[in-house]
Amino acid sequence: MGEYGLLCITIPEELGGGGQVELVALMEAPAEAGLVLPMLLLIGFAREPFIRHGTPDQMERFVKPTISGAQNLCFAITETDVGTNSFAMSSLATSDGDGYRLTGRNVFISGAADADRMLVVACNRKSGEVERRTEGMSLFEVNADAPGVELQPLNIDVGWSERQYLVFFDDVELGADRLIGNPGQGLAGMFEALNSERLLVTAMSVGLGTYALKKAVAYANERKPFGVPIGRYQALQHRLAEAKAEPAAARLMMIQAAATP
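Residues numbered from 1 in each chain as written. Predicted model: local features only at pLDDT ≥ 70, side-chain atom pairs only at ≥ 80, totals over all residues. Heavy atoms only, no water.

Applying the stated criterion across every chain yields a total of 13 salt bridges. Here E192 makes a salt bridge to R52, at a shortest N to O gap of 4.0 Å. Placement of the pair is E192 in helix 5 (residues 187-222) and R52 in helix 3 (residues 48-53), with a sequence separation of 140 residues. We note a salt bridge from R178 to E141, for which the minimum N-O separation is 2.5 Å. Linking R178 in the loop between strand 7 (164-174) and strand 8 (179-180) with E141 in strand 5 (residues 137-143), this pair joins segments that are 37 residues apart in sequence. Given a relative accessible area of 0%, E141 falls into the buried group. It is possible to trace a salt-bridge network through shared partners that takes in D57, R61, R117, E141, D177 and R178. (Salt bridge = Lys/Arg side-chain N within 4 Å of Asp/Glu carboxyl O. Helix = DSSP H or I, 4+ residues; strand = E, 2+ residues; numbered from the N terminus. Buried < 20%, exposed > 50% of the residue type's maximum accessible area, 1.4 Å probe, protein only.)

This is the structure we're talking about:
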């Protein structure tokens, strides 16, 4: 995909990229052939905060290598105690001179060992120190092999090659240039990434649904226990029609959402 320039999708057009509609189409196409590409999913939505809030230098260093496929990117947000309730997260990036020190742990982080960089959501102020729970959240770029980062594979099989990991951050030193956007103002960037993730998971699911339906139709036309294909039976036709209509409706909603600025 990198060789053919497909990984530049969602990069600003002036850098040769496209938009969300193109990205969900790219995600859906291989899934429709039965191929799941989690790293494409991860790169696709983890880049959003960099693109929307990153500096030109961050775009050059952290985003540009993903266009060619030279580097991969994953997203670390889910915590062991609070799950996806990020307002109660405990991962903390405390100020240290001109930079930060990150301490915390995340769980169910897909592709962590396959990624060169992580987009990490952490607090730079504890929840009790902010007036509103939407404050104090920040986004950081963290090298996957940085000192203090430890990966522990989880014994979970989700049906794709990328594993799930428990990720520990033990006093990881981060330069000021690793902060994406403004300190304590990372909530919008977090949701921009998560909203893109929802679209891409939908694209993958719709594609896989189409793949499964094609196999079901082929089987219904081949199996003849009583001399005629079972696809001739109306009760089976109704179920196949429903299996066609629901992903089609989901696809229309997906494209509409992706096309909305």
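On we go.
Between its first and last C-alpha, helix 1 (residues 20-32) extends 18 Å over 13 residues, near the 18 Å set by a 1.5 Å rise per residue. Contacts from the buried residues of helix 1 go to helix 2 (38-46), helix 3, helix 5 and helix 6 (234-259). (Expected span 1.5 Å × (residues − 1). Contact = heavy atoms within 4.5 Å.)

Tracing the backbone shows G175 in the loop between strand 7 and strand 8. For the pair formed by G175 and Y100, sequence separation is 75 residues and the distance between their alpha carbons is 6.4 Å.

The next subject is the state of the cysteines. Per the counting criterion, the structure on display carries zero disulfides. Considering cysteine sulfurs only, C123 is the nearest to C74, which forms no disulfide, with 19 Å between them. (Disulfide = S-S within 2.5 Å.)

The next thing to look at is a nonpolar patch on the surface. Taken together, the side chains of M1, Y4 and L6 make up a nonpolar region of the molecular surface, amounting to roughly 320 Å² of accessible area. Locating L6 in the fold gives a position in the segment before helix 1. When its relative accessible area of 33% is taken as the criterion, L6 is described as partly exposed. (Patch = residues over 30% accessible without salt bridge, like charges linked within 9 Å, V, L, I, M, F, W, Y side chains within 5 Å. Areas by Shrake-Rupley, 256 points an atom, 1.4 Å probe, with all protein chains shown as cover.)

One non-glycine residue, F108, adopts positive backbone phi at about 60°. Mapped onto the secondary structure, F108 falls in strand 3 (residues 99-110). Of the residues examined, F108 reaches a relative accessible area of 45% and is grouped as partly exposed. Its identity as a non-glycine residue notwithstanding, D171 has a phi of 55°, on the positive side. In this fold, D171 is placed in strand 7. The partly exposed category is assigned to D171, whose relative accessible area is 38%.

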